[in-house]
Amino acid sequence: DTYRAPARGITRYHTKSKTWEYFEAAQIIGLDNPQITTILPDSANIWFGTHRGLTRYNRKENRWFTYRDSRQWGRVTALARGHRRLWIGTQSGMAVLNLKDDALRLVKGSENFRITTLVTGPKNIWAGTRFGLYKCPREDIVWHPAQDPDNHTQRSIVALSVSQDKLWAATD
């Protein structure tokens, strides 16, 4: 299925039946904010970043859940999935949700950065900001600036992608 988020709801396109389904935001119990900024599906859930935090739709249970703690970080700007964690880019840093115990916490040191993009690599989660590229080892959850000899990683990062163990970064 393909998901799309217009200004006041969510549209789902069923690729097998070739039909559209629209969910009006006001009708979705558990979706606290209809202004969706990013969508990330996985095998069990569809994750939605909104202007006021993180929301999850559990496909199996057909249930919505808003993470109230995520509101303190404001607008969710990017999402990435890695192993047993969901990485959340916000206008006030990066957070991580441990999917095993549903525990949400801020990645220390990232709170002064607006995350523009996130991507999962083999060993790190990569985060793009206006001030450059940062990395967070998957297991340590420690924020580090990525450095290269020509200072390309200190430019504003607008998009990231990992392909065949290579990180691609688009800069301003």
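Presented here is an overview of the structure given in this document. These figures come from a predicted structure and were not determined experimentally.

The rules behind each value
Residues numbered from 1 in each chain as written. Predicted model: local features only at pLDDT ≥ 70, side-chain atom pairs only at ≥ 80, totals over all residues. Heavy atoms only, no water. Helix = DSSP H or I, 4+ residues; strand = E, 2+ residues; numbered from the N terminus. Buried < 20%, exposed > 50% of the residue type's maximum accessible area, 1.4 Å probe, protein only. Lys, Arg positive; Asp, Glu negative; His and termini not counted. Salt bridge = Lys/Arg side-chain N within 4 Å of Asp/Glu carboxyl O. Polar contact = N/O pair within 3.5 Å; in protein donor to acceptor, adjacent residues only side chain to side chain. Contact = heavy atoms within 4.5 Å. Phe/Tyr/Trp six-rings, centres within 6.5 Å; stacked < 30°, edge-to-face > 60°. Pairing = 2+ DSSP bridges. Axes fitted to C-alpha atoms, helices over the stretch in contact; angles between N-to-C directions.

### Points about the side chain of R56
Checked against the element boundaries, R56 lands in strand β6 (residues 53–58). Here R56 occupies a buried position and makes no salt bridge, while the nearest side chain of opposite charge, D102, is found at 4.4 Å. A distance of 3.5 Å separates a polar atom in the side chain of R56 from a polar atom in the side chain of N45. Once you skip the residues sitting within four places of it in the chain, R56 turns out to touch N45, I46, W47, R63, W64, F65, Y67 and D102.

### Details of the environment of R68
As for its placement among the helices and strands, R68 is situated in the loop between β7 (63–67) and β8 (76–82). Residues R68 and L54, spaced 14 residues apart in sequence, show a C-alpha to C-alpha distance of 7.9 Å.

### A word on the packing of aromatic side chains
The full count for this structure, using the stated rule, is nine aromatic pairs. Here the aromatic rings of F113 and Y134 are separated by 4.8 Å at their centres, their planes lie at 50°, and the arrangement is tilted. In this pair, F113 is assigned in the loop between β11 (103–106) and β12 (115–120) and Y134 in strand β14 (residues 132–137), connecting sequence segments 21 residues apart. For F113, a relative accessible area of 15% corresponds to the buried category. Residue classification places Y134 among the buried residues on the basis of a relative accessible area of 11%. Feature note: the residues F113, F131, Y134 and W143 constitute an aromatic cluster, connected by ring pairs.

### As for the sheet that holds strand β5 (residues 45–50)
One open sheet accounts for four strands, arranged β4-β5-β6-β7; its pairing is antiparallel. Strand pairing shows two members of the sheet lacking a second neighbour, β4 (36–41) and β7, which therefore form its edges. Geometrically, the sheet is characterised by an average inter-axis angle of 20° between neighbouring strands, direction not taken into account. Strand direction decides the pairing type here: β4 and β5, joined by five bridges, are antiparallel. The partner of L40 across the bridge, within β5, is W47.

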